[in-house]
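# A closer look at the structure
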Amino acid sequence: MKELVVVSGKGGTGKTTIAAALAALVSEPVVADCDVDAPNLHLLLDPKVQDTEEFIAANVAVIDPTLCRACGACELNCRFGAIGSDFVVDPIMCEGCGVCEVSCPYNAVQMRERLSGYIYTSKTRFGPMAHALLLAGESNSGKMVARVRELARTLTETTEKELIIVDGPPGIACATIAAITGSSAGLVVTEPTVPAIHDLKRVLSLFQHFTIPVMVVINKADLNLRKSKEIESFCKEKDIPVVGQLPYDPIMYKAVVAGQTIIEYAPNHQLSTNLQNLWEKVEQQLDSISRST
Amino acid sequence: MKIAIASGKGGTGKTSVAVNLALSLRDSVQILDCDADEPNVHTLLPLTQDQIQPVFTMVPEFDETKCTRSKNCSAFCPTHAIFVSDQGITFFPEICIGCGGCILSCPSQAIQEGQRQLGVLHQGMTAPGIEVVYGELDVGEPFVVPVIKAVKDQAKNSEGTVVLVDCPPGVSCPMVESVHGVDYCLLVTEPTPFGLHDLRLAVDTVRQLNIPIGVIVNRAGIGDQQVFTYCASEDIPILLEIPHSREIAELFSEGIPFTQRMPDWQSKFRELFQVIQEGIRK
Ligand code: SF4
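Residues numbered from 1 in each chain as written. Chains lettered and ligands numbered in written order. Predicted model: local features only at pLDDT ≥ 70, side-chain atom pairs only at ≥ 80, totals over all residues. Heavy atoms only, no water.

The helix and strand inventory of chain B stands at 10 helices and 11 strands. The principal-axis extents of the C-alpha atoms in chain B amount to approximately 70 × 45 × 35 Å. Within chain B, the fraction of its 282 residues that count as buried is 63%. Nonlocal contacts in chain B, meaning residues at least 24 apart in sequence, comprise 73% of its contacts between residues at least 6 apart. As displayed, chain B offers around 11,300 Å² of accessible surface, 48% of which is attributable to carbon and sulfur atoms. Here chain B contributes 20 positively and 34 negatively charged side chains, and the mean placements of these two sets differ by 3 Å. (Helix = DSSP H or I, 4+ residues; strand = E, 2+ residues; numbered from the N terminus. Buried < 20%, exposed > 50% of the residue type's maximum accessible area, 1.4 Å probe, protein only. Contact = heavy atoms within 4.5 Å. Areas by Shrake-Rupley, 256 points an atom, 1.4 Å probe, with all protein chains shown as cover. Lys, Arg positive; Asp, Glu negative; His and termini not counted. Charge placed at Lys NZ, Arg CZ, Asp CG, Glu CD.)

Core analysis: the biggest nonpolar cluster contains 85 residues, and Val188(A), Val216(A), Val179(B) and Leu187(B) have the highest contact counts within it. The residues contacting Val188(A), other than those within four sequence positions of it, are Val7(A), Ser8(A), Leu200(A), Val203(A), Leu204(A), Phe207(A), Val214(A), Met215(A), Val216(A) and Val217(A). Of all hydrophobic cores here, the second largest spans 38 residues; its members include Ala18(B), Val162(B), Leu186(B) and Leu251(B). (Core = buried A, V, L, I, M, F, W, Y, C linked by side-chain atoms within 4.5 Å.)

Here the focus is the confidence of the model for chain B. Mean pLDDT over chain B works out to 96, with 100% of the residues at or above the 70 mark. Across the interface, the model reports ipTM at 0.93; the global pTM reads 0.94. (pLDDT = per-residue confidence, 0-100.)

Turning next to the interface of chain B and chain A. In this assembly, 61 residues from chain B lie in contact with 61 residues from chain A. Of the roughly 4,800 Å² buried where chain B meets chain A, counting both sides, 62% is carbon and sulfur surface. Between the two partners, chain B and chain A, sit 4 salt bridges. Between Arg79(A) and Glu113(B) there is a salt bridge, and its shortest N-O distance comes to 3.2 Å. Summed over the shared surface of chain B and chain A, the number is 25 residue pairs in polar contact (both at pLDDT 80 or more). Among the elements of the structure, helix H2 (41-44), helix H4 (101-105), strand E7 (130-137), helix H6 (173-179), helix H7 (193-208) and helix H9 (246-253) of chain B are those that each provide at least two residues to the side of chain B that touches chain A. Top element by residues in the side of chain B that touches chain A is H7(B). It accounts for 7 residues. (Buried area = accessible area lost by both parts, 1.4 Å probe. Salt bridge = Lys/Arg side-chain N within 4 Å of Asp/Glu carboxyl O. Polar contact = N/O pair within 3.5 Å; in protein donor to acceptor, adjacent residues only side chain to side chain.)

Summarising the element assignment, Thr17(A) is placed in helix H1 (residues 15-25). With residues near it in sequence (within four places) discarded, Thr17(A) still touches Leu44(A), Met252(A), Val256(A), Ile262(A) and Phe194(B).

A few words on the domain arrangement of chain B. Residue and element names in this part refer to chain B. Looking at chain B, the domain boundaries give domain 1 (2-45 + 126-281) and domain 2 (57-117). Taking only C-alpha atoms, the centre of domain 1 and the centre of domain 2 are 40 Å apart. At the interface, 4 residues of domain 1 touch 6 residues of domain 2. Interface of domain 1 and domain 2: buried area, both sides summed, is about 380 Å²; carbon and sulfur atoms make up 44% of it. Per-residue buried area on domain 1 facing domain 2 is highest for Asp 138, Glu 141 and Phe 143; these three make up 82% of the total on that side. (Domains from an automatic or database assignment.)

On to the sheet that holds strand E8 (residues 214-218) of chain A. Residues and elements named next belong to chain A. Pairing in this open sheet of 9 strands is mixed, and the strands run E3-E4-E5-E2-E6-E1-E7-E8-E9 from one edge to the other. Each edge of the open sheet carries a strand with a single partner, namely strand E3 (48-63) and strand E9 (242-245). Across this sheet, the average inter-strand angle for adjacent strands is 20 degrees, counted without regard to direction. With 5 bridges connecting them, strand E1 (residues 2-7) and strand E6 (residues 163-167) associate as parallel partners. Residue Leu 4 lies in a different strand from E6, and its bridge partner there is Ile 165. Contacts between helix H11 (residues 270-292) and the sheet are confined to E1, E6, strand E7 (185-190), E8 and E9, with E9 contributing the most and set at about 175 degrees to the helix. (Pairing = 2+ DSSP bridges. Axes fitted to C-alpha atoms, helices over the stretch in contact; angles between N-to-C directions.)

Moving on to the sheet that holds strand E8 (residues 162-166) of chain B. Residue and element names in this part refer to chain B. Reading across from one edge, E3-E6-E7-E2-E8-E1-E9-E10-E11 is the order of the 9 strands in this open sheet, with mixed pairing throughout. Because the sheet does not close on itself, it has two edges, and the strands there are strand E3 (51-62) and strand E11 (238-243). On average, each strand axis in the sheet is inclined to that of its neighbour by 20 degrees, with strand direction left out of account. Two elements, strand E6 (residues 111-127) and E7, share 8 bridges in a ladder whose sense is antiparallel. Counterpart to Val 120 in the pairing with E7 is Glu 136.

Turning to the side chain of Asp37(B), a few remarks are in order. Following the sequence through the fold, Asp37(B) ends up in the loop between strand E2 (29-33) and H2. No salt bridge is formed by the buried Asp37(B); the nearest opposite charge belongs to Arg202(A), separated by 6.5 Å. Separated by 2.8 Å, the side chain of Asp37(B) and the backbone nitrogen of Ile172(A) make a polar contact. Beyond its immediate sequence surroundings of up to four residues, Asp37(B) is in contact with Pro170(A), Gly171(A), Ile172(A), Ala173(A), Arg202(A), Leu137(B) and Val144(B).

How big an interface is tends to be expressed through the accessible area that disappears when the partners come together. When cut into domains, chain A gives domain 1 (2-46 + 125-292) and domain 2 (58-115). Here the C-alpha centre of domain 2 of chain A lies 41 Å away from the C-alpha centre of domain 1 of chain A.

All right, on to the packing of aromatic side chains then. Each aromatic ring pair is specified by the distance between its two centres and by the angle formed by the two planes. Residue and element names in this part refer to chain B. Counted by the stated rule, this structure contains 4 aromatic pairs over all chains. Judged by centre distance (5.6 Å) and plane angle (85 degrees), the ring pair of Phe 258 and Trp 265 falls under edge-to-face. For the residue pair Phe 258 and Trp 265, the accessibility class agrees, reading buried in each case. Between Trp 265 and Phe 269 the ring centres are 6.4 Å apart and the planes differ by 50 degrees, which places this aromatic pair in the tilted class. (Phe/Tyr/Trp six-rings, centres within 6.5 Å; stacked < 30°, edge-to-face > 60°.)

Quick look at H11(A) now. A rise of 1.5 Å per residue sets the reference length of H11(A), with its 23 residues, at 33 Å; its end C-alpha atoms lie 33 Å apart and thus fit the reference within 8%. Looking at H11(A), one finds that the buried residues are Leu271(A), Ser272(A), Asn274(A), Leu275(A), Leu278(A), Trp279(A), Val282(A), Leu286(A) and Ile289(A). (Expected span 1.5 Å × (residues − 1).)

What follows is the structure, encoded as structure tokens:
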């Protein structure tokens, strides 16, 4: 089983559009949307939900006002500023650690399970899909990403598939770490802009930190050819393969509006040909990675 | 006055809006870049002098000689970061959330408060009248929220200062931490189904915090009309539309804020600021 994680560091570089196009090009993939904070892949893949599970990964403190004597012990010991001056817990700030519960001399604090979101098992026109929705303001997106990946692996086994395509989260913190650790390889979608190059370098060092193979695709490459060259030479120096360059074309947006992948929306367009070539290069990389491990 | 610039979806133009608004106001502005995973403000507005300081989180420090193997700490630890055996104590700092519960639960005062670096804070002027503060999470560290808090702690509270908070994407805890406590929230979106989907999530989140909202539509002209229909039906004002333009995109690619080359836009951003002020007073 192979697992390719599409990430970007910076948001809005075309990560989801490209992940969806790969899902359309690969024969019989399993798809996982690990951008649980702001998932978008379902808007292109139109999953039919087969199963929903509640995701509970943490607790939240609740103070019983009839038992509370306002002694202030919980407020003093809470390091997350979650206890308001009126001894009501702010669930947004609460990390669910339970320090207040053990600090309270009057047993007024109770820890309750907290619903962080939902995890879905679905069917799409390309294959099975695991995805999720994190509720607003919730933490634990890392744990949720890990759960979505676990589900995708189970789906791969039960349906005897070989490849998982993961649409990863932006950034480099817990959710991204949870999305890439233990995967076969990462595909970083970048664009030739000063901010995106800054973010690319950080996300590439994250892959290096966890020693995970990685490759790069430059989206909107002709927006700034000089910056695209800069990305190429940086990657060459670091021995990271650049597996494709895609043109800047508003047809991307049109396909999104139509709720389709580029491959379906404009099969004969240059972009679709480029994506096909991209997938061939990615496949070669994945093969050589699996041979060397 | 504190204004957050947020969005559910990444790459809609938050940073561009924050930077161009700052350049248009030009005086007594402070930008707090809270996207400590991938801070970008300084790539458009380089700091002339950069003061750097580390950001720490609390971690326990164990004194093995005092430890009586009660195992109270490991029983308490919500993330199972501590493992106590007869041979000694094993501690996994990268999963410790720094709650301090282990210190409280130790019967023999064998645990002290130590610290561990999570990232750094940068602070400096970028132009006369514009200060930039940004956090930078160390690569490989999972917990970004303490770095965001360190950035927000630098917010100027003086009456005349306009504090612009550039938020991380998404709607989970880092975004909420960044938006928390501001007077107004600008949500930047693009008129596509992706933009609309994530805008809805962001609106639901910011409404829970009781903060007034205004929307900026970036890349207007691409996509469809649904963002406009949604905002009208939810009674959310659209304060500014920035057209889809190759010229703006090319300037951005070079790291140039577009108002510097298209000065007419500065008055539009100043008008935007007036409308926000009225929105806060309401
Ligand atoms: S501070 Fe909290 S999370 Fe860290 S080791 Fe102690 S109990 Fe565990």
